[in-house]
Amino acid sequence: MELIQLGLEPWFIKQAVELCTPEQRIARVTAVDRGWYVVRNEDGEGSARVTGKFLHSTESTSDMPCVGDWVCLHYDSENSACIHTILPRKSFLGRKSAGKNIEFQMIAANIDVAFIVQSCHYDFNVPRLERYLVMANEGHVEPVLVLTKTDLVSADELEQLILEIRRGGISARIVALSNVTGAGLDQIKELMGFGKTYCLLGSSGVGKTTLINQLTGQDTLKTGTVSDSGEGRHTTIRRQLIVLEQGAMIVDTPGMREVGIFAGSEGMDELFDDIQELALSCRFSNCGHSNEPGCAVLQAIKDGKLNQEHYGNYVKLKKESEVNETSYADKRKKR
Ligand SMILES: Nc1nc2c(ncn2[C@@H]2O[C@H](COP(=O)(O)OP(=O)(O)OP(=O)(O)O)[C@@H](O)[C@H]2O)c(=O)[nH]1
Ligand SMILES: [Mg+2]
Ligand SMILES: [Zn+2]
């Protein structure tokens, strides 16, 4: 397998020329396992560790290699490979980590398209979709929404769900998919290009791994049943980059319980650009859009030009991301 088939673009080659020494080799991280990394290059897959020097130079968990990263590898002996450098990431997916210490946790790097997966059945939730969209925008990853389990709803119900997404001002591409009937699978396949890397995101039990098994045509990855309330059982436990025969790559991820976001920059702005634009016409430049006179945002809601829920979610995410940013900044300062 050539590196180009693993997604090595000219941009990364340029970085590698600068950052890897001549005796080092380029490889891509395909899985992470408690301090060990599975890496892949022309010679196949093997394991690697990071050097002590590398560890010493890291400041946060996001500086550690993650699935999708391109790295400079050095083979010390035949079975021992060391990661010396991570090449700069062209895109990334990450979130505020769960737990009381707020830190940015990488999910995957160098992803071209994020498949944001929700099930039509129980899991469907527009505000949660918006959180994933912010995550994708933030990391410069193109989002595609995948609505699974369409076999469990009627055509009318499916249409309503899509309408609801569009009413929320979301314009991302939507693919309706059933892993049972196979409807929509061709659309997914057509979307996937040679040498491009895709990442599945979504709650547990929505059918992420089942989709990969459909794409590979094999039942190699483990899937799990859902409870009566439609909740998944967290079957997938680690992130893993899978190379498909068609020449595309896809990262399977464990279902997420929460999608904490950081924002304040492009991620939020892009998704809520309708609100940003309206805000330009508010009478006061520091308008909080709550009860100020001459507020263009409130007027648009009143006139039915802006969806109330979309706006409500904006306010909630904005508040949350500001809290996250502050505590994250505080934490980094204290180091
Ligand atoms: N009816 C129906 N069931 C599906 C569909 N896709 C997946 N399932 C079922 O949903 C359950 C969960 O599927 P998984 O692929 O394990 O879900 P997952 O998103 O990978 O879940 P985690 O690994 O826990 O994050 C399995 O029992 C699948 O057979 C679908 O399109 N329709
Ligand atoms: Mg899974
Ligand atoms: Zn206003």
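Residues numbered from 1 in each chain as written. Chains lettered and ligands numbered in written order. Predicted model: local features only at pLDDT ≥ 70, side-chain atom pairs only at ≥ 80, totals over all residues.

### Observations regarding the pairing of strand β11 (residues 197-202)
The criterion, for reference: Three exposure classes are used, based on other C-beta atoms lying within 10 Å of a residue's own C-beta, which is placed from the backbone: buried for 20 or more, exposed for 12 or fewer, and partly exposed in between. In this text, helices come from DSSP runs of H or I with a minimum length of four residues, and strands from runs of E with a minimum of two, each type numbered from the N-terminal end. Strands are treated as partners if at least two bridges between them are detected by DSSP.
Burial analysis of β11 places 6 of its 6 residues in the buried class, the great majority of the element. Of the two faces of β11, the one lined by T197, C199 and L201 and the one lined by Y198, L200 and G202 are each fully buried. Two strands pair when backbone bridges link them, and strand β8 (residues 113-119) and β11 are joined in this way by 5 bridges, in the parallel orientation. Bridging from a neighbouring strand, V117 pairs with G202 of β11.

### Describing the domain arrangement of the protein
We count it as follows: The source of the domain bounds is an automatic or database domain assignment.
On domain assignment, one finds that the protein holds domain 1 (3-86), domain 2 (92-252) and domain 3 (272-334). Summarising the inter-unit geometry, the C-alpha centres of domain 2 and domain 3 are found 28 Å apart.

### Some remarks on helix α6 (residues 208-216)
Put simply, the rule reads: Residue pairs are scored as contacts if the distance between their C-beta atoms, which are placed from the backbone, is within 7 Å.
Buried within α6 we find K208, T209, T210, L211 and I212. At its buried positions, α6 is contacted by β8, β11, β12 (240-243) and β13 (249-252). With its phi angle positive at about 75 degrees, G217 sits one or two positions after the end of α6.

### Observations regarding the site of ligand 1
Rules: In this analysis, residues qualify as near a molecule or strand once their C-beta atom, positioned from backbone atoms, comes within 6 Å of it.
Around ligand 1 lies a shell of 24 residues, among which G207, T209, T223, T236 and G255 are the nearest. When residues in the shell around ligand 1 are grouped by element, the largest group, 3 residues, is from α6.

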